[in-house]
Amino acid sequence: SVLVARLVRAMAMPVTSIAAVTKELTARGGSGASATLASPSVVLLLTDDQDVLLSDAARWQPVLHRRVVQAGATFARAFANSPVCCPSRSSLLTGKYTHNHGALNNSLQGSCASPQWSTEMEPDALAVHMQKAGYRTMYAGKYLNNYGLSGSLGLKYVPPGWSEWCGLQGNSRYYNYTLSVNGREERHGCNASDYLTDVLAERAVAFVQRTSSPLFLWIGTPAAHASFTPAPPFVDTARGELAPRTPNWNVVGNRGHHQTVRELSPMSANEAKESDEIYRRRLGTLRSVDRLVESVFSALDATGRADATYFFYTSDHGFHLGQNGMAYDKRQLFETDVRVPLFVSGPGVPAGATLHQPVSHVDLAP
């Protein structure tokens, strides 16, 4: 695939991608080579439904801004390969476009975590390559929308390539969810200590602390997906804020749009009010993600590996809030729904750089 590294090489900037790390290690020692402590670690933090209009890190995610955005590079034209969760995540996992990996939607019939998809696609997924390169790997959080549900391979199934597994059953939830912890079912309720983003932070920190070899850690948070539930400390994070009034906010009847969107009526006052409330709640969920970023970097600092770690921050796809009269959702091929944040920090990544070449999720995997 086209690597992020290739896009910046023309600018003589020594930034890398996840795939480039794997490729370099394999080249040094062949398939199955053992990564050494001198090899970089890799953290991939994947949020859910976070569009670029929700990505003012300087204001709402100050730790992310300081440790990743200011310390690394921003890809200003990064895109998801699909505005739908499961097809997009399948592209991230495999490095393949939707027509090649076959996960067409969020249903089992559409090959979202279907037994056939798992059998055919996962043996060549990114984690397998990282593990072969000598990395100790962990997945924590939302995986694919039908993972662990009826018709899939179940909660006992741990996809290949993951040394440690903490996968969420089904779609994003903040409370009252079930995890598969290395194939063992673990249920959580509605106590403050069950808030999923915080639980993922705890598991990620523990993994960093107990892992002495180079690590590959993938964290998939529920934020900022529906039900848009902030943790108690962040309920009032964005009081009084309104969803961004972009030039196409609540503008309808564009003759260049497809019929479904073209024939929409403008949002009512109540619909606009609801859209604004969702915007505020989504920002609240991201405050917990920022706390997670702080916890992971503190663990990396304490174990002496922060300066030798590549940190990738992105979202599975975007979201719209009022654009073209659509109150809230995704699934449309407009930039609001497919353009995503992509921030990268790590060894050799120039601090504060902004790159304008287009990249997409398939550029992150081999």
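The structure under discussion appears in the preceding block.
So, how was this worked out
- Residues numbered from 1 in each chain as written.
- Predicted model: local features only at pLDDT ≥ 70, side-chain atom pairs only at ≥ 80, totals over all residues.
- Heavy atoms only, no water.
- Phe/Tyr/Trp six-rings, centres within 6.5 Å; stacked < 30°, edge-to-face > 60°.
- Helix = DSSP H or I, 4+ residues; strand = E, 2+ residues; numbered from the N terminus.
- Buried < 20%, exposed > 50% of the residue type's maximum accessible area, 1.4 Å probe, protein only.
- Lys NZ or Arg CZ within 6 Å of the ring centre and 35° of its normal.
- Axes fitted to C-alpha atoms, helices over the stretch in contact; angles between N-to-C directions.
- Parallel < 35°, antiparallel > 145°, perpendicular 65-115°, else oblique.
- Left-handed = near helix turned anticlockwise from the far one by under 90°.
- Contact = heavy atoms within 4.5 Å.
- Nonpolar A, V, L, I, M, F, W, Y, C, P; charged D, E, K, R; others polar.

**Observations regarding the packing of aromatic side chains**
- All told, the structure shown has 17 aromatic pairs when counted by the stated rule.
- Between Tyr147 and Trp165 the ring centres are 5.3 Å apart and the planes differ by 70°, which places this aromatic pair in the edge-to-face class. One end of the pair, Tyr147, is in the loop between β4 (136-141) and β5 (164-168); the other, Trp165, is in strand β5, and 18 residues separate them in sequence. This pair shows no difference in class: Tyr147 is buried, exactly as Trp165 is.
- Its guanidinium or amino end placed over the ring of Trp249, Arg245 lies 3.9 Å from that ring's centre, counting from NZ or CZ.
- Sitting above the plane of the Phe319 ring, Arg282 keeps its charged end 4.0 Å from the centroid.

**Observations concerning the packing of helix α4 (residues 62-69) against helix α11 (residues 269-302)**
- Between α4 and α11, whose axes approach to 8 Å, the crossing angle comes to 45°. Comparing their axes, α11 and α4 come out oblique. Two packed elements cross with a definite hand, and for α4 against α11 that hand is left-handed. Contact residues: α4 offers Pro62, Val63, Leu64, Arg67 and Val68, while α11 offers Arg287, Asp290, Val293, Glu294, Phe297 and Asp301.
- Among the residues forming the contact of α4 with α11, the class breakdown is six nonpolar, no polar and five charged.

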